[in-house]
Amino acid sequence: MESVHHVTTSSKVLFTRVRKMVPPMLEKFHKGQLGRIAVIGGCADYTGAPYFSAAASAKLGCDMSHVVCERSAAPVVKSYSPNLMVHPLLPSTESVKDPNSIDASALAGPIIGMLSRLHALVIGPGLGRDGVTLKVVAEVIKEARSRSIPFVLDADGLMIVTEDPNLIKGYKECILTPNVVEFGRLAKALGVKVASQAEITQEGNGDKTSKESAACEELSKALGGVTILQKGPHDVISNGVTSIVSDIKGGLKRSGGQGDTLTGSLGTLLAWRMAYHDKLWDSGEQDNAKEAQTRDEVQAELESDKRMSSTTTLLLAAWAGSSLTRECSRKAFETKGRSLQASDLTDEVHGAFLRLIGEPESKTHL
Ligand SMILES: NC(=O)C1=CN([C@@H]2O[C@H](COP(=O)(O)OP(=O)(O)OC[C@H]3O[C@@H](n4cnc5c(N)ncnc54)[C@H](O)[C@@H]3O)[C@@H](O)[C@H]2O)[C@@H](O)CC1
Ligand SMILES: Nc1ncnc2c1ncn2[C@@H]1O[C@H](COP(=O)(O)OP(=O)(O)OP(=O)(O)O)[C@@H](O)[C@H]1O
Ligand SMILES: [Mg+2]
């Protein structure tokens, strides 16, 4: 069955619309207005992932990038960069008296205390799978949702919702970024069938991209319209009603940690999206009378010069984060070849932004 969900707007037009969502840099702005995000992740085993994520968010242009991690990870993450603010607030089995009788909500208190100062969260990079940690982060997810704070869920953060999908079911302000394996786990938990590569490539069986994205659309629907960014040879983004494929060229090295540039970039884009909807600056667009819901309405907004609604900007932010990450990977691979490491993508974030999106106030991009 062919998908009727895909947006067919060209990448060129989509980038001009992303630029509308990027705040210009004005003298009147104060520290924090161009983004305050926190990456929740980092444990004894993984310290690189939260660093790459927070660093990407900062290099894209976020004013304040925090990392909230487990105690033992904090000095390590801090040692990578003095620019990041690192908070050792995540409890683990090691740090509590009795791991079997914890008050997860109370343990989450210090993290929840930070939420009112944040525009967006990235939950999961290098979080690990400690039972106490995951219970506490589930409390943070509940609280962020109740306050409508947007968040990105990745890696071990996805494990939390694989075990309890109700935490996010129907929440329209989050983006899930599963890789192939994480996608399979989520699909299984929600009873969604994923076609095998053999079924997808079977000759005479319709359009390949549509078939690949069908599972993403189904999973999104099963989660009540949550936006999913399914990573792979090309990334599929869907909210169950509308889908966009991100297929700009990437690199050929599949080192670990490239997904972290994606989540950090998405964190910043979510903060900018909030500033766009709060009318922090005059985007020069006319107001739109109606919120876009259907694929046709989203596509019409993307191809108009009117102000975009929140459904459209969420899909667009996801698409922009995916495109930026793939461009970072392409450029880093061009210079580093098979020696490419995750940190090489971090160095490419600003260049990728300038090449794909460009500064909003620059005359050459108006
Ligand atoms: N430098 C770091 O600190 C890094 C930390 N990471 C963290 O490591 C933890 C575990 O993440 P993993 O991604 O390893 O998750 P999993 O532990 O679930 O492992 C996924 C496995 O699937 C395999 N895989 C990936 N794509 C595949 C595909 N297309 N087809 C078949 N197999 C495929 C991978 O080789 C990996 O062994 C997370 O907390 C994550 O954030 C990773 O992000 C890598 C970098
Ligand atoms: N076959 C591919 N061709 C081109 N790009 C790819 C391919 N597979 C993944 N990517 C890109 O690599 C980036 C990371 O995706 P990947 O599937 O490696 O995630 P991940 O396993 O979660 O990564 P991480 O190691 O950071 O956890 C994404 O931007 C994705 O678009
Ligand atoms: Mg990952």
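Residues numbered from 1 in each chain as written. Chains lettered and ligands numbered in written order. Predicted model: local features only at pLDDT ≥ 70, side-chain atom pairs only at ≥ 80, totals over all residues. Heavy atoms only, no water.

- With an unreviewed UniProt entry as reference, the protein chain is termed ATP-dependent (S)-NAD(P)H-hydrate dehydratase, source organism Penicillium cinerascens.
- UniProt annotates the protein chain under Sequence similarities (unreviewed entry) with the comment "Belongs to the NnrD/CARKD family." (UniProt positions renumbered as here; feature names shortened; annotations may be inferred.)

Let's talk about the overall build of the protein chain
Right, on to step 1. Helix and strand content of the protein chain: 14 helices and nine strands.
Right, on to step 2. Against the 2.2 N^0.38 benchmark of 21 Å for 366 residues, the protein chain shows a C-alpha radius of gyration of 20 Å, consistent with a compact globule.
Right, on to step 3. Referenced to the eigenvectors of the C-alpha coordinate spread, the extents of the protein chain come out at roughly 55 × 55 × 45 Å.
Right, on to step 4. Sequence-distant contacts, at least 24 apart, represent 70% of the contacts inside the protein chain between residues at least 6 apart.
Right, on to step 5. Summed over its atoms, the accessible surface of the protein chain is roughly 15800 Å², and 52% of this surface lies on carbon and sulfur atoms.
Right, on to step 6. Seen as two clouds, the 42 positive and the 43 negative side-chain charges of the protein chain have centres 2 Å apart. (Helix = DSSP H or I, 4+ residues; strand = E, 2+ residues; numbered from the N terminus. Rg over C-alpha atoms; globule rule 2.2 N^0.38 Å. Contact = heavy atoms within 4.5 Å. Areas by Shrake-Rupley, 256 points an atom, 1.4 Å probe, with all protein chains shown as cover. Lys, Arg positive; Asp, Glu negative; His and termini not counted. Charge placed at Lys NZ, Arg CZ, Asp CG, Glu CD.)

As for the UniProt feature "binding site: (6S)-NADPHX" (unreviewed entry) in the protein chain
Right, on to step 1. In this numbering, the UniProt entry assigns the feature "binding site: (6S)-NADPHX" (unreviewed entry) to G126, N179, V180, V181, E182, F183, G184, R185 and D260. Lining the largest pocket, from the residues just named, are G126, N179, V180, E182 and D260.
Right, on to step 2. The topology assignment puts E182 in helix α7 (residues 180-189).
Right, on to step 3. Residue class for E182 comes out buried when judged on its relative accessible area of 13%.
Right, on to step 4. Those residues within four positions of E182 in sequence are excluded, and the remaining contacts are D154, A155, L158, T177 and K231.
Right, on to step 5. Inspection of the secondary structure assignment puts R185 in helix α7. (1 Å grid on protein atoms, 1.4 Å probe; cavity = no way out; pocket = protein on both sides within 12 Å on 5 of 7 lines; lining within 4 Å. Buried < 20%, exposed > 50% of the residue type's maximum accessible area, 1.4 Å probe, protein only.)

With respect to the packing of aromatic side chains
Right, on to step 1. The final tally for this structure, using the stated rule, is six aromatic pairs.
Right, on to step 2. Pairing Y51 with Y80 gives two aromatic rings, centres 5.4 Å apart and planes at 65°, and the pair type is edge-to-face. Here the residue Y51 occupies a position in helix α2 (residues 48-60), and Y80 occupies one in helix α3 (residues 74-80), the gap between them amounting to 29 residues.
Right, on to step 3. Residue Y51 is classed as buried on the basis of its relative accessible area, which comes to 18%. (Phe/Tyr/Trp six-rings, centres within 6.5 Å; stacked < 30°, edge-to-face > 60°.)

Description of the sheet that holds strand β4 (residues 120-123)
The strands making up a sheet associate through hydrogen bonds between their backbones, and the pairing can be parallel or antiparallel.
Right, on to step 1. Strand order in the open sheet formed by nine strands is β3-β2-β1-β4-β5-β6-β7-β8-β9, and the pairing between neighbours is mixed. Looking at the sheet topology across the chains shown, the edges are occupied by β3 (85-90) and β9 (243-246). On average, each strand axis in the sheet is tilted by 20° relative to the strand beside it, whichever way the strands run.
Right, on to step 2. Direction of pairing for strand β1 (residues 36-40) relative to strand β2 (residues 64-70): parallel, over a ladder of five bridges. Its bridge partner lying in β2, R36 is registered against M64. (Pairing = 2+ DSSP bridges. Axes fitted to C-alpha atoms, helices over the stretch in contact; angles between N-to-C directions.)

Observations concerning unusual backbone geometry
Right, on to step 1. The backbone phi angle of S148 is positive, close to 60°, even though this residue is not glycine.
Right, on to step 2. For S148, the position within the fold is in the loop between α5 (131-146) and β5 (151-153).
Right, on to step 3. Of note, A155 is a non-glycine position whose phi angle comes to about 45°, a positive value.
Right, on to step 4. For A155, the location among the structural elements is in helix α6 (residues 155-163).

Quick look at the layout of surface pockets
Right, on to step 1. What the largest pocket holds in volume is close to 1100 Å³.
Right, on to step 2. Only α6, α7, α10 (258-277) and α12 (310-336) provide two or more residues apiece to the lining of the largest pocket. (Points joined across faces, edges and corners; volume = space filled by probe spheres on them.)

Details of the nonpolar core
Right, on to step 1. Counting 63 residues, the largest nonpolar core has L316, W319, L324 and I357 as the members making the most contacts within it.
Right, on to step 2. Broken down by element, the residue count for this core peaks at ten residues, all from α12.
Right, on to step 3. If we ignore the near neighbours within four places in the chain, the residues touching W319 are S11, L14, F15, V18, I237, I244, V245 and S246.
Right, on to step 4. L134, I149, F151 and L153 belong to the second largest nonpolar core, which has 43 residues in total. (Core = buried A, V, L, I, M, F, W, Y, C linked by side-chain atoms within 4.5 Å.)

What about the site of ligand 1?
Right, on to step 1. The local shell around ligand 1 holds 16 residues, among which A49, G126, D156, V181 and R185 are the closest.
Right, on to step 2. A49 is positioned such that a nitrogen or oxygen atom in its backbone is 2.9 Å from an oxygen atom of ligand 1.
Right, on to step 3. Burial of ligand 1 by the surrounding chains reaches 53%, relative to a free accessible area of 850 Å².
Right, on to step 4. Those elements that provide at least two residues to the shell around ligand 1 are α2, α6 and α7.
Right, on to step 5. Looking at the shell around ligand 1 residue by residue, the classes come out as eight nonpolar, four polar and four charged. (Near = heavy atom within 4 Å. Polar contact = N/O pair within 3.5 Å; in protein donor to acceptor, adjacent residues only side chain to side chain. Nonpolar A, V, L, I, M, F, W, Y, C, P; charged D, E, K, R; others polar.)

Topic: the site of ligand 2
Right, on to step 1. Taken together, the neighbourhood of ligand 2 is formed by 13 residues, with N179, K231, D235, G257 and G259 sitting nearest.
Right, on to step 2. K231 is positioned with one of its side-chain polar atoms (N or O) 2.6 Å from an oxygen atom of ligand 2.
Right, on to step 3. In this structure, G257 approaches ligand 2 through a main-chain N or O atom, which is 2.7 Å from an oxygen atom.
Right, on to step 4. Protein chains bury 78% of the 630 Å² of accessible surface belonging to ligand 2 in isolation.
Right, on to step 5. More than half of the atoms belonging to ligand 2 lie within 2 Å of the grid points that define the largest pocket.
Right, on to step 6. With three residues, the top contributor of residues to the shell around ligand 2 is α10.
Right, on to step 7. Taken together, the residues that form the shell around ligand 2 break down as one nonpolar, seven polar and five charged. (Sits in = over half its atoms within 2 Å of the grid points.)

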